[in-house]
Amino acid sequence: MTPKKTISKIPMLFLIGIAVLISSCKKDDPAPVTNTITDVVVGSSNFSTLETAVLKANLQTTLSGAGPFTVFAPDNAAFSASGITEATLNSLSATQVSNILLYHTIGAKILAADVPAGPNAKVITASGDSVFVTKNAAGVFINGTKVTTADVAADNGVIHVIGRVLMPPSGNIVETAVSSGLDSLVKAVLRATNAPGG
């Protein structure tokens, strides 16, 4: 009888050993690799100025969140073309930088194919201000600024690389229209109001 009891204990000990081995393997598994918008920005040397801005504005956790987000992301060349350096960003408050970045962010995933063709479509940004997006034969534009690389995939949305930094509206309606890339409309309105009898 004793040998039978010993034999029946062996499978039980074997199962316990396997369970311990599996549970210890799970603890050693590395964290899952993510590709959030923050990960894309941090992982690209072309976005080093944008990374500085994201950190200054303390938006790295937000842009790693569930989303979905669409970010119209200025690369380093876009910041340079707009006259904005890392020193410029560091001279601004965190709130000011956050307002600029949220003006580039939409709380929905919008692929280039989803941008309507023709007249500018008004879209509300994460800052609560509106931007105007359009698509034509020349490409996709936001506030008159061309998207240079569309549909950069992220786990929590999409990034469209743009050629200039967008500035949130400020000042009077003419200044806002010009900063939104609608300067042709402004010129037409000014001509009409300055015309005789206007």
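Residues numbered from 1 in each chain as written. Predicted model: local features only at pLDDT ≥ 70, side-chain atom pairs only at ≥ 80, totals over all residues. Heavy atoms only, no water.

**Q** I'd love a proper account of the overall build of the protein chain, names of residues and values included.
**A** For the protein chain, the count of helices and strands is eight helices and seven strands. Counting only contacts in the protein chain whose residues sit at least 6 apart along the sequence, the fraction spanning at least 24 positions is 62%. About 11500 Å² of surface is accessible on the protein chain, with carbon and sulfur atoms providing 63% of the total. (Helix = DSSP H or I, 4+ residues; strand = E, 2+ residues; numbered from the N terminus. Contact = heavy atoms within 4.5 Å. Areas by Shrake-Rupley, 256 points an atom, 1.4 Å probe, with all protein chains shown as cover.)

**Q** Can you explain the environment of phenylalanine 47? Please cite residues and give values.
**A** In this fold, phenylalanine 47 is placed in the loop between α2 (37–43) and α3 (48–57). Taking the C-alpha atoms as reference points, phenylalanine 47 and alanine 78, 31 residues apart in sequence, are found 9.8 Å from one another. Setting aside anything within four residues of it in sequence, one finds phenylalanine 47 in contact with Val40, Val41, Ala73, Pro74, Asp75, Asn76, Ile159 and Val161.

**Q** I'd love a proper account of the nonpolar core, names of residues and values included.
**A** Among the nonpolar cores identified, the biggest contains 23 residues, and Ile37, Phe47, Leu50, Leu101 and Ile159 are the most heavily contacted of them. Elements that contribute at least two residues to this core include exactly α2, α3, β1 (69–74), α6 (94–102) and β7 (157–162). No other element matches the four residues that α3 contributes to this core. Apart from residues lying up to four places away in sequence, leucine 101 is in contact with Leu50, Ala53, Val54, Ala57 and Leu59. (Core = buried A, V, L, I, M, F, W, Y, C linked by side-chain atoms within 4.5 Å. Buried < 20%, exposed > 50% of the residue type's maximum accessible area, 1.4 Å probe, protein only.)

**Q** Got a sec to walk through empty space enclosed by the protein? Specific residues and values, please.
**A** Evaluated as defined, the whole model comprises one cavity of 30 Å³ or more. Each pocket or cavity is described by its volume, and for the largest cavity that value is around 70 Å³. Considering the residues around the largest cavity, the lining is formed by Ile37, Val41, Leu50, Val54, Leu63, Val71, Phe72, Ala73, Pro74, Leu101, His104 and Thr105. For the lining of the largest cavity, the secondary structure elements donating two or more residues are α2, α3 and β1. (1 Å grid on protein atoms, 1.4 Å probe; cavity = no way out; pocket = protein on both sides within 12 Å on 5 of 7 lines; lining within 4 Å. Points joined across faces, edges and corners; volume = space filled by probe spheres on them.)

**Q** Which residues make up the environment of leucine 101, and what values do they have?
**A** For leucine 101, the location among the structural elements is in helix α6. Residue leucine 101 is classed as buried on the basis of its relative accessible area, which comes to 8%. Considered as a pair, leucine 101 and leucine 59 are 42 residues apart in the sequence and their alpha carbons are 8.7 Å apart.

**Q** If you had to explain the sheet that holds strand β4 (residues 130–136) to someone new, which residues and values would you point to?
**A** Strand order in the open sheet formed by seven strands is β2-β1-β7-β6-β5-β4-β3, with mixed pairing between adjacent strands. If you trace the sheet from one side to the other, it starts and ends with β2 (105–106) and β3 (121–124), each paired once. Summarising the sheet, β3 and β4 pair through four bridges and their orientation is antiparallel. Within the sheet, the bridge partner assigned to lysine 122 lies in β4 and is phenylalanine 132. (Pairing = 2+ DSSP bridges.)

**Q** Please provide a residue-by-residue account of α3, values included.
**A** Taken residue by residue, α3 has Thr49, Leu50, Thr52, Ala53, Val54 and Ala57 as its buried positions. Buried residues along α3 sit against α2, β1, α4 (76–81), α5 (86–91) and α6. Asparagine 58 sits one or two residues past α3 and shows a positive phi near 60°.

**Q** So what's going on with unusual backbone geometry? Residues and values would help.
**A** Here the amide bond leading from glycine 67 into proline 68 is cis, since omega sits at 5°, within 30 degrees of zero. Position of proline 68 relative to the elements: it lies in the loop between α3 and β1. A positive phi angle, close to 60°, is found at asparagine 58, a residue other than glycine. Along the chain, asparagine 58 turns up in the loop between α3 and β1. Residue class for asparagine 58 comes out exposed when judged on its relative accessible area of 55%. With phi around 50°, asparagine 143 is a residue other than glycine that occupies positive phi space. As for its placement among the helices and strands, asparagine 143 is situated in the loop between β5 (139–142) and β6 (145–154).

**Q** Could you give an account of the packing of α3 against α6, naming the residues involved and the relevant values?
**A** Packing of α3 against α6 brings their axes to within 8 Å, and their N-to-C directions diverge by 125°. The pairing of α3 with α6 is recorded here as oblique in orientation. In the crossing of α3 with α6, the sense of the turn from one axis to the other is left-handed. In this structure, α3 uses Leu50, Ala53, Val54, Lys56 and Ala57 to contact α6, whose residues at the interface are Ala94, Val97, Ser98 and Leu101. Taken together, the residues of the contact of α3 with α6 break down into seven nonpolar, one polar and one charged. (Axes fitted to C-alpha atoms, helices over the stretch in contact; angles between N-to-C directions. Parallel < 35°, antiparallel > 145°, perpendicular 65-115°, else oblique. Left-handed = near helix turned anticlockwise from the far one by under 90°. Nonpolar A, V, L, I, M, F, W, Y, C, P; charged D, E, K, R; others polar.)

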